[in-house]
Amino acid sequence: MGMTMTQKILAAHANLASVKAGQLIEADLDLVLANDITGPVAIHEVEKLNKKTVFDKDKIALVPDHFAPNKDIKSAEHCKCVREYAKKHNITNYFEIGEMGIEHALLPEKGLIVAGETCIGADSHTCTYGALGAFSTGVGSTDMGAGMITGKAWFKVPSAIRFVLTGKPSKWVSGKDVILHIIGTIGVDGALYKSMEFTGDGISHLSMDDRFTIANMAIEAGAKNGIFPVDEKTISYMKEHSQKEYTIYEPDEDAEYDETYTIDLSALKPTVAFPHLPENTKTVAEAGDVKIDQVVIGSCTNGRISDLRTAAAVLEGRHIAEGIRVIIIPATQAIYLKAIEEGLIKTFIQAGAIVSTPTCGPCLGGYMGVLAAGERAISTTNRNFVGRMGHIDSEVYLASPAVAAASAVTGKISQPSDLGL
């Protein structure tokens, strides 16, 4: 029986001719990642082992991004812990204020991960890098800490679900609508510990930013990872951002899949996930009259430059509705600078929004937009669990930048067509 893309990558990194679903393997790691929340936990554990150094100072990335810039004393201590560890072990890829970004947008931008590589991160959305044809997955802090000092990790080889994407999405339909539609179809445990493998001619119509968004939210369907084939767009992105050598893996013709779904991208509509699960999806046309209090455009899911361009296209020449708070967060310093150069930041401010330095902040109810009881936010983030962005009696609606921006103008869940766009 043949292997899927993910299985081929894992076999190569385990130095095995082949692997099969359910097999336990120990695989070499090309990148190990942690942030200011998960990093200190791992650091405290590995320091107990009296390990003198990390396995490779160039293959570890430490990115304080969740509560950075520090929001309080506790977060300052967490960042200090990570900062001092990075300095002590001369870790090359340490990114904080001035060079910082939201980790899952920053690492591909810095060229630290490419096709055919393996990456674990002590953050569930590490699966983002599957957009590049890499195997990447989130793990616990203890596993991440062990990876820092050994360069290896244990995996149970996942089985796979194949998603055949066909057709071309309409103007205001993006990768966020695609993945929300998929999660709405299969549920939040529909791909539990499986690989979500995307294929089909429709992929050529998805930008790299679309693919990052889709892979990022594979975990919201319970998946171990999401992965895309490597095409011309992928190669162009890697050549622009990285000097690393990459390896292209393609699934065997007789690779085994637990299920296959075919999705016509041209039939998709702007979609929103209602509280309190990403699977609770409706099209905007089905949403009804849902008034909102806050809009957040950003995060590791939708804070890239194309996301900001889309939001600006909707907000250009318009003003947000009275009483609506709009927070826009570029995912990295480079994206922030490009948004300034393109005049996007001016558009946001003139529309009545505020712009934050790169941070995860409001996505996890950290800061820069925490919700009070009874408040509703429409957000381009990835989770809308009870209390995710603040009070347990608040509500979060997940949407694309286009829908979030249109909703900011009307004060209720809307899409660009409602504005005549």
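Residues numbered from 1 in each chain as written. Predicted model: local features only at pLDDT ≥ 70, side-chain atom pairs only at ≥ 80, totals over all residues. Heavy atoms only, no water.

As named in an unreviewed UniProt entry, the protein is 3-isopropylmalate dehydratase large subunit, taken from Acetivibrio ethanolgignens. UniProt annotates the protein under Pathway (unreviewed entry) with the comment "Amino-acid biosynthesis; L-leucine biosynthesis; L-leucine from 3-methyl-2-oxobutanoate: step 2/4." Its UniProt record, at the heading Subunit (unreviewed entry), says of the protein: "Heterodimer of LeuC and LeuD." (UniProt positions renumbered as here; feature names shortened; annotations may be inferred.)

Q: Explain the overall build of the protein here, please?
A: Per the secondary structure count, the protein includes 14 helices and 18 strands. The C-alpha radius of gyration computed for the protein amounts to 20 Å, which stays within 12% of the reference 22 Å derived for 421 residues, consistent with globular compactness. The principal-axis extent of the C-alpha atoms belonging to the protein is close to 60 × 50 × 40 Å. Across the protein, contacts joining residues at least 24 apart in sequence account for 77% of those joining residues at least 6 apart. Counting only carbon and sulfur atoms, one obtains 50% of the accessible surface of the protein, whose full area is about 16,200 Å². For the protein, the centre of its 39 positive side-chain charges and the centre of its 51 negative side-chain charges are spaced 3 Å apart. (Helix = DSSP H or I, 4+ residues; strand = E, 2+ residues; numbered from the N terminus. Rg over C-alpha atoms; globule rule 2.2 N^0.38 Å. Contact = heavy atoms within 4.5 Å. Areas by Shrake-Rupley, 256 points an atom, 1.4 Å probe, with all protein chains shown as cover. Lys, Arg positive; Asp, Glu negative; His and termini not counted. Charge placed at Lys NZ, Arg CZ, Asp CG, Glu CD.)

Q: I would appreciate a short explanation of the side chain of Glu109 in the present structure.
A: Looking at the element boundaries, Glu109 is found in helix 4 (residues 103-109). For the buried Glu109, no salt bridge exists, and the shortest N-O distance to an oppositely charged side chain is 5.3 Å, to Lys110. The contact partners of Glu109, leaving out residues within four places of it in the chain, are Tyr237, His241, Thr332, Ala334 and Ile335. (Buried < 20%, exposed > 50% of the residue type's maximum accessible area, 1.4 Å probe, protein only. Salt bridge = Lys/Arg side-chain N within 4 Å of Asp/Glu carboxyl O.)

Q: Quick question: what am I supposed to make of the UniProt feature "binding site: [4Fe-4S] cluster" (unreviewed entry) in the protein here?
A: Look at the UniProt record and you will see "binding site: [4Fe-4S] cluster" (unreviewed entry) annotated at Cys300, Cys360 and Cys363. Spanning 64 residues, the named residues form one tight spatial group whose C-alpha atoms are at most 9.2 Å apart. Taking the relative accessible area as the measure of exposure, Cys300 reaches 8% and is therefore buried. Residue contacts for Cys300: discarding those within four places in its chain leaves Ile102, His104, His125, Asn216 and Asn382. Checked against the element boundaries, Cys360 lands in the loop between strand 16 (354-355) and strand 17 (376-379). With a relative accessible area of 11%, Cys360 lands in the buried category. Setting aside its immediate chain neighbours within four residues, Cys360 contacts Asp65, His66 and Ile102.

Q: Sorry if this is basic, but what is going on with the packing of aromatic side chains here?
A: To describe a pair of aromatic rings, you give the distance between the ring centres and the angle between the ring planes. This structure, assessed with the given rule, holds 6 aromatic pairs. Ring centres 4.7 Å apart and planes at 15° place the aromatic pair Phe198 and Phe228 in the stacked group. You can see Phe198 sitting in strand 9 (residues 195-199) and its partner Phe228 sitting in the loop between strand 10 (225-227) and helix 8 (232-241), a full 30 residues away along the chain. When the ring of Phe212 is compared with that of Tyr237, the centres are 5.4 Å apart and the planes differ by 65°; the resulting orientation is edge-to-face. Here Phe212 is found in helix 7 (residues 208-216), whereas its partner Tyr237 is found in helix 8, with 25 residues between them in sequence. With respect to class, Phe212 is no different from Tyr237; both count as buried. Among the aromatic residues, ring-to-ring pairing joins Phe163, Phe198, Phe228 and Tyr261 into one connected group. Across the ring face of Phe67, the terminal group of Lys71 is positioned such that the distance to the ring centre comes to 5.6 Å. Taking NZ or CZ as reference, Lys156 lies 5.0 Å from the ring centre of Tyr193, over its face. (Phe/Tyr/Trp six-rings, centres within 6.5 Å; stacked < 30°, edge-to-face > 60°. Lys NZ or Arg CZ within 6 Å of the ring centre and 35° of its normal.)

Q: Help me understand the packing of helix 11 (residues 305-315) against helix 12 (residues 333-341) in this model?
A: In a pair of packed helices, the angle between the axes and the distance between the axes together describe the arrangement. The geometry of helix 11 relative to helix 12 is characterised by a closest axis approach of 10 Å and an angle of 35° between their N-to-C directions. Helix 11 and helix 12 meet at a crossing whose hand is right-handed. Contacts between helix 11 and helix 12 involve Ile305, Leu308 and Arg309 from the first element and Ile335, Lys338 and Ala339 from the second. Here the residues of the contact of helix 11 with helix 12 are counted per class, giving 4 nonpolar, no polar and 2 charged. (Axes fitted to C-alpha atoms, helices over the stretch in contact; angles between N-to-C directions. Left-handed = near helix turned anticlockwise from the far one by under 90°. Nonpolar A, V, L, I, M, F, W, Y, C, P; charged D, E, K, R; others polar.)

Q: Is there a simple way to explain the sheet that holds strand 2 (residues 31-35) in this structure?
A: The pairing of strands in a sheet happens through backbone hydrogen bonds and is either parallel or antiparallel. Sheet architecture is open: 5 strands sit in the order 4-3-2-5-6, paired in parallel fashion. Edge strands, defined here as strands with exactly one partner in the open sheet, are strand 4 (93-94) and strand 6 (135-138). Strand direction decides the pairing type here: strand 2 and strand 3 (residues 60-63), joined by 4 bridges, are parallel. Paired with Val32 across the strands is Ile60, a residue of strand 3. (Pairing = 2+ DSSP bridges.)

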